[in-house]
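Fold and contact review
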Amino acid sequence: MPSDYLWLIPLVPFAGFLINGTMGRRFPRVLVSAVALLCTAIPAILVAWLWIRMRAPGAPEVLQIVSQPWIQITGLTINFAFTVDHLTLIMLGVVTGVGFLIHVYSVGYMAHEEGYWRFFAYLNLFMFFMLVLVLAESFLLLFVGWEGVGLASYLLIGFYFQKDSAANAGKKAFIFNRVGDFGFLLAMFLLVREFGSLDFSHVFNAITVNPDWRGGVLTAIALLLVLGAAGKSAQIPLYVWLPDAMEGPTPVSALIHAATMVTAGIYMVVRCHTLFDRSPYALGVVAIIGAATAIFAASIGMVQHDIKRVLAYSTISQLGYMFLACGVGAYTAGIFHLLTHAFFKALLFLGAGSVIHALSGEQDMRKMGGLRKRIPITFWTMTMGVVAIAGIPPWAGFFSKDEILYQAFVSGGLGKFLWFVGLVTAGMTSFYMFRLWFKTFWGPEHFDEHDDLHDHGAAVHAHSGGHAVMVADHDDEAAHHSHGVHESPAIMTIPLAILALLSIIGGWVGVPAALGGHNEIEHFLEPVFSTGVTTEAATTAVGHGLELGLAAVSVLVALLGLYVAYVFYYKKPRTAAALAARAPALYRLVENKFYIDEIYSAVIITPVLMFSRLILGGLIDGGIVNGSGAAAGAAASGLGALVRKVQSGNIRSYAGWLALGAAAVLVVMVFGRAIW
Amino acid sequence: MQLVLFIIFGGLAVAGAFNLLLQRHPINSALSLVVVMMSLAVLYWSLGAEFLAAAQVIVYSGAIMVFFVFVIMLLNAGEEERTKGSRAAYLVGFPGAAAIFCLLSFVFLKESHALGSSSVGGYLNHITSNISEISALLFTKLLLPFEVTSVLILVAILGAVVLARKEQ
Amino acid sequence: MSTNIVALLPEIILTLTGVLIMLAEPCLKPASSRKPLGWIAVAGTVGSLVAAWYQVSLGVTIHAFSNTIQVDAFSVLFHYVIGAILLVTLLGSLDYFEGYASHAGEYFALLCFGCVGMMLMASSVELLMVFIGLEISSISSYILCGFRKGQATGTESSIKYFLLGSFATAFFLYGIALAFGATGSTNLYAIAHGLEITTTPALAFTALALILIGLGFKVSAAPFHVWTPDVYQGAPAPVVGLMSTAPKAATFAVLLRITFTGFPTYQHRWTILMWILAALSMTVGNLGALGQRDVKRMLAYSSIAHAGYLLVAFTAFPFDGIAAACFYTATYAAMNVGAFAVITQVAGYDERARTIDDFTGLGQKRPILAALLGFFLLSLIGIPFTGGFFGKFYVFSAAIHGGHVWLAVIGLLNSGVACFYYLRLLAAIYTRPGAEAARLDRLRPVSVPAAIGLAMALIATVFLGILPDGAVRFAEYASHSTLIEQARQECAAHPEDCHIQLQFDVH
Amino acid sequence: MNIDHTILTVITFVPLAGAVLLALLPDRGRIMQWGALAVTLVTFALTLHLPFHYDYSAASGSFQFEQNVSWIASPAIRYHLGVDGLSMWLVVLTGFLAPLGVLVSWNVIADRKRLFYTLFLLQQVAMLGIFVSLDLFLYYAFWELSLVPMTLLIATFGRTVNRRRAAIKYFLYTFIPSAILLVGMLWVYSKTGTFQLPDLAQLASTHSISSDSAALWLASLAFLVAFAVKVPIFPLHGWLADAISEAPTAAVMVLAGKLGLYSILRFSFSIFPEQSRHIAPLMIALGAIGIVYGALIALVQKDLKQLAAYGTLGHVSVVILGIFTFTIAGMDGGIYATLNEGIGGGALFMLLGILYERYGTYDMRDYGGLAAKLPWMVTFFVITTLSVIGLPMLNGFVGEFLVLTGSMQSAITHHTRWTVFATTGVILTASYMLWMIQRVFYGESNFNTADVAAPDIDAREHFALWPMVALMLAMGVASPIWMRAIDTAGTALADGATATEPAAKARTSITPEVVSNSTSNFTMPATEARK
Amino acid sequence: MVPTSAYLILAAVLFSIGVAAFLIKRNLITIFMSIELMLNAVNLTFVAFAHMWHQVSGQIFVFFVMVVAAAEAAVGLAIIIAIFRTRETLNVDSVDLMKS
């Protein structure tokens, strides 16, 4: 049958992983990268072809293939089954497309790293699991991908495993994801209990055929799924792992922690929209979590100095947007923003990577500035990204963000409030992005010049062990470069360019009717959200005027953010510090990320460890469990000593015992019945 | 008649026994044991066991006790010194002994009516047939024990030889 | 051949052997080895075993000497056990005295005579006969205990055993006297019959109580066990091997006959007593062994415990109980005599190895001896596929079938406690030897006869563990043979209510 | 001729023959290793006969490869062997682990090799015997026999000075309950007159073992406690940590789990069905607690083996939780998880052993940054870890998932709470395993072990480890191969198909008020909402 | 006319005194004598019962007891002599090398 090749989409990267993972160590770098790129290019091509096939008129809306059963017991069967609908198509596109670009970029970025083969093997492994995730036809298979990407991210974050911080970050990421999985698993158990199956089609059909089945256990399932999503997509309260994940190489941050993996949560929620539609309560929770995360993360992002962390918090906040969208039932908007965000955030990260590469490892924005002439391509491409995320038309970010805000506004209940939060967040976003932009590319140069760069770089790398080779390489680079700060090679800049382009035009697929477009993506996804018509109705009812008004407002807010950033970090660079000095406590609070990590460790981790060590390990295990056995032994030997005390060795005493025993026996025999 | 004999010699036996208990010198104990045996012989006779009475006098007080006295002399055992042995002997033993006695006598008294009482002399009033019956029984019905006793005595002799002979 | 001779054949052969040895002894030069005498004893033992086999091959119950002894499968079984024990002991101690000026001749003779007494006990149904047999076996073991007159411990164990033994014998006799008083006879069947019509039941209880006290002492059942550790510790190893098994077997035979044949009327009473004695013996024995360093002493306590296991069988229904007791006696004899045979080899006449530490490293120095000892210890613990396991299993299943679940619980918990000290010895054997293991180097190589003896014990233990079917059948046959005889006697007493089936499928 | 009727005997006693052979061979050079390896490989090959000739279509609860001959006339004991879906794979697993055990002991056991390998093979005999015997007496014989070689292995080849203490502790801990178990067995026999498991199961199903319910209760407890100690179940695990941290790797690989769990499934469940169901809530609670408890204590261990020991406690508790739900998913998952425990735990202990072989310490604080030096080692370690923490596509996940699914399905309301509690184990397990990985392999290299010249995994160890890894992947991806047989057994043991019947089928008939009250507490199971 | 029980109780008295003597006396020989005393008590019982049952078998039993007593005396005293040889004392309390 024709869609068998669906299998190839995930399996090819897996093959790549196997090849590089087992033999890569002995391969030359060229070969490694060739394998890796090939194994990501092929799926991309396949997806493109698939796309074409499914856009073709009369093409089935859903492709499904079922293969061997994976788990099969009486009463429950779980198959290896893939399904492709339009939602999947979009995800596939993002994953393979952006994924491929980032692979290309990595070839340049990682060129001098040791463990090159390892890196690409892991990347391919990630691609495999990510594709399984989006293609899965059952909750459990989705969970496979879900865990798999978690694993890949664990391995990649801990890529510089000699660095304790890196290893820690990897562990942290995995464990926080596990907390999410805890929810996901429980949701699946409940699903099995309620539906006896984990296939999407089966479950969702079962729900749709019971129109009056709302809330109840569905809410439970939905909330548990939300917990899972929060873990994967770094939402409150489980977002803390994402900033630390920046310990990984920058392409990893771009691919996994910006474009693809972290959006898995949103994808999952959207995939289960049938379920969520039946549980307004859960949806409300989603929306609130989203909004809260968005503004919270943005506020932290405003004061970070590490360029990658700024981007990380911005990612969290953007993911919050998407959650918000899902929460108000605007799944399309969520996916739309997911799409555009994939483009510009990937772009931003890669750009940041390029900057770091240029400064040979420097990540602190306070040590940057004035780079726009040194690395023009990076500058221009990154500018595109900044503008896009800031939400200035006609860049991609504007359309998707605006859609979300609009949908939030028109959704009843908390809608207005959510909209306001989103709006504020938009302002903050544009502020901290431009702050980054100004601090990095404008103003005086704070980075050290070429001559003493090495020691500095060495200093940087000494603490980040993995780069050792890179430093060495920079010496001879320095030989034929005029100065240490240099533009990245083409293999890195080309992906940047492409992504820049995408983050300009990417949004045009979703131009709302109000702006004279006709929201293709909406129609494209319609078969998936056949239930999403409600929001559609709202649009027409309210009319375009409102939509335009809101758009204008958000644009203004964005520009305001731009202006403030301009004033603070270009016009009068002191004002920021002055402002910070005005409210030092607040500033410190925000700069230290509201001490969330500390709170977690103080409230949860330390008590748990103490409890285990003292109560469980010491009292129960050492005391009761082992103590009881020892006590029994002591009692036995004590009695034994008693018995041996009788054995005084003196004949007369023995005779005494005999006499006593005799008397006892006589008593028993004579009065036996009576005393028995 | 019976009663008188019983009271006199029973009392004598008990007295002898107590004397054995109280005397500190083995010889005195031995002699008091002889007294007990003699008085028991009388009681045997009064119960119509004339043969046993004789045997008691000859074998027991004659042979065995002489043997005892002989060994006492041989090892010239003197006054037994009051070493303090184990307290268990007293703390445990005497209650035990007392209990044994009480239980036994309790049982005997309980059953005394069923046991009836006995008149002087045997149920056969001429001694010869008593002995003849004993011998008859001994060589017919209880032949085997009688024969086997020889083995017992053989063992005893062996033992005496093995144990008492000085290692060279 | 007259029935009397047939009935007494094994005993006669042994007696003659003993006498022959005593006659031969003076003919040998004082300095020369006494081994030949030992060989004579071995030959005699084999002969008596053959005779026992001949007896059982007749397949009928023989009453001889006007009902003083009764030779049935039951007594033959015990004859086998006692004879086998004697054989292993003799083989093990053939060259035990080599190089020591000692009365080896008398030793062999005494062993033979002692076993004559035990065999008589096993087959007699007349308390007088039992008493004589008991005295023969006891006196000979008194002497054997003190055989190494050099050591103070030897004579001490001898005197302890002697005084306390006679003390207990007095109780036993008293019991017989009262039994005689209650029933007017000392023949078990007569007693059984008399008890049904006796007018003085209390006397009968007391009689049985006193008899059980006396015999309880002989089998070292708590609370009459006090003598055991001291006596065993002081006595020579082979003698302990013998007297911890053979006299006990004989005494248990007597106990079985007295309780089940003589006093079945009062079973409801003595079951209680047996229950208590069993529980007490098991517990006391195992607990006492816990802290022991001296191996023989430890095994003494363990023998107390095993007496307890055996007493458990008395609480079961007659048929199961007797069968189980017979089987367990056999297995216990096999493994215990085996263990002591090994210890004899290791310790030797001069008691090189006394404490557990002295056995450290045996596994290195003498792997085979160590393996054998280990095996016997495992059997004593009751590890499956050894006789000890099936024996325990059989006994306790009988008890549980008799409804005494809690006794079984106590017993098996005890066997758990018991592991501890057996394992300590086992672990010592298999830990790497230190400097103290030097004395093990002076070990003589195991002589051929000793090896044969060990092999016999080993084979018996393994066989009883893995293929116990035949043994079980024989035990059941024995049990049946005595019970059926009892039934016959009752029929003779009052023929009206006589309903018993007189055949039992031997195979 | 058809070997099917004797194959089990052959499988069981080939190692015995091997043991005897080794005992006779001279202990020179590598004779012992090669001999043991050959024997175990042959045994493994023989065990493979079972899955290939197993009749998967046979009715559930029926035994195959049976051999049933009279052994002892009275008490009626028969030499009765046979396997079903429950025991077959356990037999194969036992056969599979043995050669690996030999391989990992290859150099570690330097002297007294003969003793070691003889005991090792005897241990295998006992375990195989336990899995194949269908006669209670025979089973018990093997059960007790299995104690001896293990105890001697610990006492003789233990790691530290208190090896003897640990050995005796292990022995007593398991022997005393077994003694009580014997009483229970004998009681059952005295009531029924048979030791044959099928007959007993038959009688039990018709409630005709005994009418005395109190006695039945005691007997069932006697069985359960004995098994629970062997497993071990939560409060009864006193021996585990000591025994594991002392015992040599090859012994540890087979120390915990299988035997006890199998015995519960086979004997407690079929002889005391009602009692087992009545006590299920307690056992489920203990299982759930055990999961979290083991994980939490493992979290704070400094000693790698202690950590693994408490981890083991957690994993066997998962099985307990599963099987006592009496749902099909729980049963199948539990049995599957038993196999996984053997493989995952075995692999983990092998790796620890290999590590110890290199560095001579189990103390985490002496390790660090080994990943750079031992790439293969870290690879195996990570894979094993992932299997242990239940990453999908590896074996651990399938069992764990089914178990928890089952416990969520099981018909008693408050199980939902325990399920949630137990599921937290997912987090904690990951925590301590990753913590260990990081402490040992990542970060700066530790000065205690930095200068030790340690080679990476060598060929022999590759031979030992690859089968494990391959099996982890295979059992994670292609579980039906194993599940086919297991499912028949699981279905026979579980409470029929009711528990797995999905609620949605009945949803159409839901009345509004029921919906409203099921809204009020959503943990209420479908089974109730249905009426 | 004396009730049989009187004889029995007399025997019991003697027996108990024998037991007590065994417990009290220090000298091995004396202890041995107390055993003889106990045996005599038993004999008295036998004779009394023999008289009661009009059966001589009881008397014969006594006869055998005497024989056995003689044998025991021979062995016992031999042992005592051996003891005396090894430790030059007859005090029972000094015979406790082996204990616990």
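Just so you know, these numbers come straight off a predicted model, no measurement behind them. (Residues numbered from 1 in each chain as written. Chains lettered and ligands numbered in written order. Predicted model: local features only at pLDDT ≥ 70, side-chain atom pairs only at ≥ 80, totals over all residues. Heavy atoms only, no water.)

Details of the overall build of chain B
- When helices and strands are counted, chain B shows 6 helices and 1 strand.
- Secondary structure elements of chain B occur, N-terminal to C-terminal, as α-α-α-α-β-α-α.
- Over its C-alpha trace chain B gives a radius of gyration of 20 Å, far above what one expects of a compact globule, namely 15 Å for 168 residues.
- C-alpha atoms of chain B, sized along the principal axes, occupy 55 × 40 × 25 Å.
- By the burial criterion, 46% of the 168 residues in chain B qualify as buried.
- For chain B, the share of sequence-separated contacts (at least 6 apart) that also reach a separation of at least 24 residues comes to 65%. (Helix = DSSP H or I, 4+ residues; strand = E, 2+ residues; numbered from the N terminus. Rg over C-alpha atoms; globule rule 2.2 N^0.38 Å. Buried < 20%, exposed > 50% of the residue type's maximum accessible area, 1.4 Å probe, protein only. Contact = heavy atoms within 4.5 Å.)

Section: the interface of chain E and chain B
- Residue-level contacts link 67 residues of chain E with 83 residues of chain B.
- Interface area for chain E against chain B, summed over the two sides, is near 6,800 Å², with a carbon-plus-sulfur share of 78%.
- Along the contact surface separating chain E from chain B lie 0 salt bridges.
- Between chain E and chain B we count 10 residue pairs in polar contact (both at pLDDT 80 or more) in total. (Buried area = accessible area lost by both parts, 1.4 Å probe. Salt bridge = Lys/Arg side-chain N within 4 Å of Asp/Glu carboxyl O. Polar contact = N/O pair within 3.5 Å; in protein donor to acceptor, adjacent residues only side chain to side chain.)

Some words on the environment of Gly345(D)
All names here are of chain D.
- Examined against the element boundaries, Gly 345 turns out to sit in helix H15 (residues 328–359).
- Overall, the relative accessible area of 12% leaves Gly 345 in the buried class.
- Sequence-wise, Gly 345 and Val 300 are 45 residues apart; in three dimensions their C-alpha atoms are separated by 19 Å.

Some words on the confidence of the model for chain A
- Residue-level pLDDT values for chain A average 85, and 91% of them are 70 or greater.
- Residue range residues 450–482 of chain A is modelled with pLDDT below 50. Its contacts to residues more than four positions away, or to other chains, number 41 contacts. (pLDDT = per-residue confidence, 0-100.)

Description of the pattern of salt bridges
- Counted according to the given criterion, the structure contains 31 salt bridges over all chains.
- Note that Glu247(A) is salt-bridged to Lys163(A), the shortest N-O span being 3.1 Å. Within this pair, whereas Glu247(A) is found in the loop between helix H9 (241–244) and helix H10 (250–259), its partner Lys163(A) is found in the loop between helix H5 (139–157) and helix H6 (164–195), the two being separated by 84 residues in sequence.
- The shortest N-O distance in the salt bridge between Arg257(C) and Asp72(C) comes to 3.1 Å. A residue pair is termed long-range when its members are at least 10 positions apart, and Arg257(C) in helix H11 (residues 246–262) and Asp72(C) in the loop between strand E2 (69–71) and helix H3 (73–92) qualify at 185 residues.
- Of the residues examined, Asp72(C) reaches a relative accessible area of 2% and is grouped as buried.
- Connected through shared salt-bridge partners, Glu156(C), Lys160(C), Asp230(C), Arg297(C) and Arg87(E) make up one network.

Here we look at the interface of chain D and chain A
- In this assembly, 72 residues from chain D lie in contact with 61 residues from chain A.
- Roughly 5,800 Å² is buried in total at the junction of chain D and chain A, and carbon and sulfur atoms are behind 69% of that figure.
- Where chain D touches chain A, the interface holds 0 salt bridges.
- Across the contact surface, chain D and chain A share 12 residue pairs in polar contact (both at pLDDT 80 or more).
- Grouping the constituent residues of the side of chain D that touches chain A by class yields 45 nonpolar, 20 polar and 7 charged. (Nonpolar A, V, L, I, M, F, W, Y, C, P; charged D, E, K, R; others polar.)

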